[in-house]
Amino acid sequence: GRCMGDGSCECFPGFSGESCEPEGGGGDPCVKNIYAEGCTAQCSMESTCSRHGRCMGDGSCECFPGFSGESCEPEGGGGDPCVKNIYAEGCTAQCSMESTCSRHGRC
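What counts as what
Residues numbered from 1 in each chain as written. Predicted model: local features only at pLDDT ≥ 70, side-chain atom pairs only at ≥ 80, totals over all residues. Heavy atoms only, no water. Core = buried A, V, L, I, M, F, W, Y, C linked by side-chain atoms within 4.5 Å. Buried < 20%, exposed > 50% of the residue type's maximum accessible area, 1.4 Å probe, protein only. Contact = heavy atoms within 4.5 Å. Helix = DSSP H or I, 4+ residues; strand = E, 2+ residues; numbered from the N terminus. Disulfide = S-S within 2.5 Å. pLDDT = per-residue confidence, 0-100.

Participant: What exactly am I supposed to notice about the nonpolar core here?
Facilitator: Within soluble globular proteins, side chains that are nonpolar generally end up buried alongside one another. In terms of nonpolar packing, the biggest core is built from nine residues, these being Cys43, Met45, Cys49, Cys55, Cys61, Phe64, Phe67, Cys72 and Met97. Apart from the residues within four sequence positions on either side, Cys55 is in contact with Tyr35, Cys43, Ser44, Met45, Cys49 and Ser60. Counting residues in each nonpolar core, the second largest holds six residues, with Cys9, Cys20, Cys95 and Cys101 among its members.

And the structure:
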């Protein structure tokens, strides 16, 4: 899912609940930050995607709106107004993809 402006999660398909847990008890076949068939590609939302995208099944980044390129750089040279894991107008809501959204969503 993704963190909403109020700090709650909106879950991706196949995940539900307050922390976006896998539906049906399933889970990722690979360990954290490892992707692709055979678990051979490494990707981290924090470093590979510059906190501006999410890792896809093949280890590449899918960039959030306003960001593009291999590592999801800001389009037009802009940047985040808030510090890491702080969101909302006035930078007042805290959200972590890892803990708030159980790595199955985005802030």
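Participant: What should I look at first to understand unusual backbone geometry in this one?
Facilitator: Comment: phi is negative for the bulk of residues other than glycine, and the bulk of peptide bonds are trans. Phi is positive for Ser50, which is not a glycine, with a value near 55 degrees. Its place among the elements puts Ser50 in the loop between β6 (41–42) and β7 (53–55). Positive phi outside glycine occurs at Cys72, with the angle close to 55 degrees. Relative to the helices and strands, Cys72 resides in the loop between β9 (67–68) and β10 (73–74). Taking the relative accessible area as the measure of exposure, Cys72 reaches 0% and is therefore buried.

Participant: In this structure, what is going on with the environment of Cys3? I would like to understand it.
Facilitator: Here Cys3 lies in strand β1 (residues 2–3). Given the relative accessible area of 8%, Cys3 is considered buried. C-alpha of Cys3 to C-alpha of Thr100: the two residues are 97 residues apart in sequence and 7.7 Å apart in space.

Participant: Looking at this structure, how should I read the environment of Ser99?
Facilitator: Inspection of the secondary structure assignment puts Ser99 in the segment after β12 (93–94). The exposed category is assigned to Ser99, whose relative accessible area is 55%.

Participant: For this particular structure, what's the right way to read the state of the cysteines?
Facilitator: Linking two cysteines covalently through their sulfur atoms gives a disulfide. Applying the stated criterion across every chain, the model contains three disulfides. With its sulfur 2.2 Å from that of its partner, Cys43 forms a disulfide with Cys55. Measuring the twist about the S-S bond at about -85 degrees, one finds the Cys43-Cys55 disulfide to be left-handed. Placement of the pair is Cys43 in the loop between β6 and β7 and Cys55 in strand β7, with a sequence separation of twelve residues. When sorted by exposure, Cys43 lands in the same class as Cys55, which is buried.

Participant: Hey, could you run me through the environment of Cys95 in this one?
Facilitator: As for its position among the elements, Cys95 is in the segment after β12. In the structure, Cys95 is positioned 93 residues away from Arg2 in sequence and 9.2 Å away in space, judged by C-alpha atoms.

Participant: Would you take a moment to explain the confidence of the model for the protein for this structure?
Facilitator: Caution applies to low-pLDDT regions: their predicted coordinates should not be interpreted in detail. Taken over all residues, the pLDDT of the protein has a mean of 74, while the share at 70 or more is 72%. Confidence scores differ between elements of the protein, with strand β11 (residues 86–87) showing the lowest mean pLDDT of 66 and strand β8 (residues 61–63) the highest of 89.

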